[in-house]
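The primary structure of each chain is shown beneath.
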Amino acid sequence: MSEALILHNVRITRGGVPLVSIDQSIAPGEVLTVMGPSGVGKSTLLSYVAGTLAADFEATGMVCLGTTDITTLPAAQRQIGILFQDDLLFPHLSVGANLAFGLRPGGSRAWRNKRIETALSDIGLTGYADRDPETLSGGQKARVALMRMLLSEPRALLLDEAFSGLDAALRRQMRSLVFDRAREMDLPVLMVTHDADDADAAAGTVIQLATESMPAPAD
Amino acid sequence: MRALARHISALGALRAGFQWSPSGLGLVPALTLLAMLGPVCAGLLCTFLPAFGILPAAGLSTPSLDPIAALLDWPGLGAALRLSLTTGLLATALSLAIVTLTLAGWHGSGPFRMLERLLSPLLSVPHAATAFGFAFLIAPSGWLSRLASPLTGWDRPPDLLIVQDPWGLTLTAGLVVKEVPFLLLMALAALGQVDTRRRIRVAQALGYNRIAAWLKTVFPAVYSQIRLPVYVVLAYSMSVVDVAMILGPSTPPTLSVQIVRWMSDPDLAQRLTAAAAALLQGALVLGALGLWRCGESVVARLGCIWISKGNRGASDPVLRPVGLALGLLTAFVVLAGIAVLAVWSLAGFWAFPDALPQSFDLRSWSRHLPGIVSATGTTVLIAVLATLLALALVLGCLEAEYRSGHSLTRRGLWLIYLPLLVPQTAFLPGLQTLLLSLGADRTLWAVVLAHLVFVLPYVFLSLGDPWRAWDRRNGTVAAALGASEWGVLWRVRLPMLLRPILTTAAVAVAVSVGQYLPTLLVGGGRVPTLTTEAVALASGGDRRAIGVYGVAQTLAVLGPFILALAVPAVVWRNRRGLHV
């Protein structure tokens, strides 16, 4: 069931200027960390993998999940989950409805409600289903966003500076929650960050990206 | 030093809240409200009294229920009410559906940007010209049936009642064509305040297809912002007069058209019936708005159930092309309508199944030239006066808002929309009665002030966002360099905002040029504009004359838009920072 996320000779350019070039395979349950200064194209790499690359970029190479080539699939059919720095919970939906939004379709209403209750108690938010997401603390929101994504049963996980918005204590908690889950579910994880602590916590391969004109710092 | 002191005192004023500024700027918002709502309130009041038999101008001062009885005795009442209700609700629902489907499937894509560029100028084409063009396209002897004749073998116009059909379907379609660009532009403005891209990205990462993602995550936010414009479309579609006279049925017509017929009857008693009907029209619109509001909560509830089921949506391959096709169709209808008006205005002999006239000439134009010239003069004069007044008032309001630090509240927004929500046929009859008793009707200034009621809201809506988006630090820098508050306004802010101000002026001119009922009623038929003259031709059926007036109307609104684009481009040709 679990498959590796493979970035095969991926090269992204804008107006002919090379931005990112990467050739890596991420095994199930492992984390690949991509680091580099801002503006170097880390998030661009993630949009390419997620299938939402803006039209003014050109990209070559392949993105595969195991043996399936997903390079040309529309974003909605890739089954690649993504977490952003902001939680991006939908403000017009309750906490429970946000989770229901993520949960794959099917099943009776009672079964779906039960799944959502279980998911909430899983992240220590039992009984929060009817709450307005705006009334949650930053850490709670981040946990709901994570759970919403996991309920959609992704086959790989992208982290776009996912921990940058949290303070140090919360950050440690969220990191271990996310990495533990990914390991439990055997998901390959691609993380971009500018924080060396994130990379240490991930305990996987680390790649430094640098622009042509600006070599990577030596540290 | 002085500037610093002024700056500090300005900050103090900001903290103290609204302050009576010595320049009298503080009076402008009150004056604007008076200009916008005064005529509406006075008109409603002066509609109310005659509806109960009180018309001092005609020596009637005892209350009676006769006008209401006369209204109820009119045999067409049931059909007229039903027609107003169905055309209004259907036109609003269809316009909203088309706009939603187009945005859901295509917003942010290349084809959408093309559609957007196509629809924006079409928004300004007057309703009457659009309606005439639409009629010339789809009538049994219209362009479409001519173009289809090689296939159908028609050598005579088919015997079908398309235009003015008794169900008002053509009227509904004509309204949809005109309201789609309006709602689309309103929705685009609202979309600028919603982080659409990220919401869609999250939903797509969760496996949602484009249309389902947009409907479930973006639409609720957009709808709550365009709710008032949607209400405006509903109120307008239910009570429109000019479009209904051109495309709607005539026996019986919609309630609004009947009100205007009663108003122009020489028998004064009919004015009382008209007043009673105007009250009913107001109540009908209010009821429809209530019905729509209930519909909103039903849709919201169903939407929540739909969202919680988690369906990822699979109809994109069908719905996306349909959405784009419908959006393009509305643009095509307006453009083709203008084209067919232009062809008719230049047509020599044009027999039925021929797609084009046998010859083109300027005879129609030269025949109507004197009328066109004088009507254009009046139209432009009224539009320019109304636009200048509206700009002065709105700029004053915005500057007062900026200096006092009080921004527009939600309630303030309702006030701005109010003149557009109250049906014209509900308060203009009363306003005419009032002006008549003051002896002030039939004058150009009365018409200008009546136009101002409808121009002001659009000027507010068009100028407010660019005005508030201006980087305040420019003002701080100028003040620190010693410029007074007025100096900042005249020498920095207005020049920097030249482009949005001119665009707003063009919108204002377009609104004024398109006004039919205020011009007719307040002008008492003595202030002929291009629009009143064009609509008056509707019953005659002289297609060449209608073509000439329709084209003149369209040119009168497109001219200012071209100027609004050209002037900043010339004035600021060496200022790249002020180009879009």
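Asks: Where do I start with the overall build of chain B in this structure?
Replies: Counting its secondary structure elements, chain B contains 24 helices and zero strands. For 580 residues, the compact-globule estimate of 2.2 N^0.38 gives 25 Å, and chain B sits close to it at 25 Å. Seen through its C-alpha atoms, chain B measures out along the principal axes to roughly 80 × 70 × 55 Å. Taken over 580 residues, chain B has a buried fraction of 52%. Taking contacts inside chain B between residues at least 6 apart in sequence as the whole, the part at least 24 apart equals 81%. About 25,700 Å² of surface is accessible on chain B, with carbon and sulfur atoms providing 68% of the total. In chain B, which carries 41 positive and 23 negative side-chain charges, the distance between the mean positions of the two groups comes to 15 Å.

Asks: Any chance you could explain the packing of aromatic side chains here in plain terms?
Replies: For any pair of aromatic rings, the description consists of the separation of the ring centres together with the inter-plane angle of the planes. Applying the stated criterion across every chain, the model contains 13 aromatic pairs over all chains. Ring plane angle 25 degrees and centroid distance 4.1 Å describe the contact between F101 of chain A and Y208 of chain B, whose orientation is recorded as stacked. In this pair, F101 of chain A is assigned in helix α2 (residues 95-102) and Y208 of chain B in the loop between α9 (196-205) and α10 (210-239), connecting two distinct chains. In this pair, the class of F101 of chain A matches that of Y208 of chain B, namely buried. Measuring from centroid to centroid gives 6.3 Å for F136 of chain B and W344 of chain B, while their planes differ by 65 degrees, and the two rings are edge-to-face. Taken together, the positions of F136 of chain B in helix α6 (residues 127-138) and W344 of chain B in helix α14 (residues 316-346) put the pair 208 residues apart, joining distant regions of the chain. With relative accessibility at 6%, the residue W344 of chain B sits in the buried group. Its guanidinium or amino end placed over the ring of W306 of chain B, K216 of chain B lies 4.4 Å from that ring's centre, counting from NZ or CZ. One residue, R403 of chain B, lies across the ring of W486 of chain B, its end atom 4.4 Å from the ring centre.

Asks: I tried to follow the sheet that holds strand β1 (residues 5-14) of chain A on my own but got confused; where do I start?
Replies: Note on sheets: strands pair through backbone hydrogen bonds, and any given pair is parallel or antiparallel. All names here are of chain A. Across the sheet, four strands lie side by side as β2-β1-β4-β5; this open sheet has antiparallel pairing. Since the sheet does not close on itself, it has two edges, and those belong to β2 (17-26) and β5 (68-69), each with one partner. Looking at chain direction, β1 and β2 are connected through eight bridges and run antiparallel. Of the residues in β2, the one forming a bridge with R14 is V17. Across the sheet, helix α1 (residues 42-50) touches β1, β2 and β4 (58-65), and the angle it forms with β1 is around 120 degrees.

Asks: Just to check I follow, could you spell out the confidence of the model for chain B for this structure?
Replies: Detailed reading of the predicted coordinates is not advisable wherever pLDDT is low. Residues and elements named next belong to chain B. Per-residue confidence for chain B gives a mean pLDDT of 88, with 96% of residues at or over 70. Per-element averaging of pLDDT across chain B places helix α1 (residues 2-16) at the bottom with 40 and helix α4 (residues 77-106) at the top with 95. The low-confidence segment residues 1-22, where pLDDT is below 50, has 18 contacts with residues more than four positions distant or belonging to other chains. We note a pTM of 0.86 for the whole complex and an ipTM of 0.79 for its interfaces.

Definitions and limits used
- Residues numbered from 1 in each chain as written.
- Chains lettered and ligands numbered in written order.
- Predicted model: local features only at pLDDT ≥ 70, side-chain atom pairs only at ≥ 80, totals over all residues.
- Heavy atoms only, no water.
- Helix = DSSP H or I, 4+ residues; strand = E, 2+ residues; numbered from the N terminus.
- Rg over C-alpha atoms; globule rule 2.2 N^0.38 Å.
- Buried < 20%, exposed > 50% of the residue type's maximum accessible area, 1.4 Å probe, protein only.
- Contact = heavy atoms within 4.5 Å.
- Areas by Shrake-Rupley, 256 points an atom, 1.4 Å probe, with all protein chains shown as cover.
- Lys, Arg positive; Asp, Glu negative; His and termini not counted.
- Charge placed at Lys NZ, Arg CZ, Asp CG, Glu CD.
- Phe/Tyr/Trp six-rings, centres within 6.5 Å; stacked < 30°, edge-to-face > 60°.
- Lys NZ or Arg CZ within 6 Å of the ring centre and 35° of its normal.
- Pairing = 2+ DSSP bridges.
- Axes fitted to C-alpha atoms, helices over the stretch in contact; angles between N-to-C directions.
- pLDDT = per-residue confidence, 0-100.

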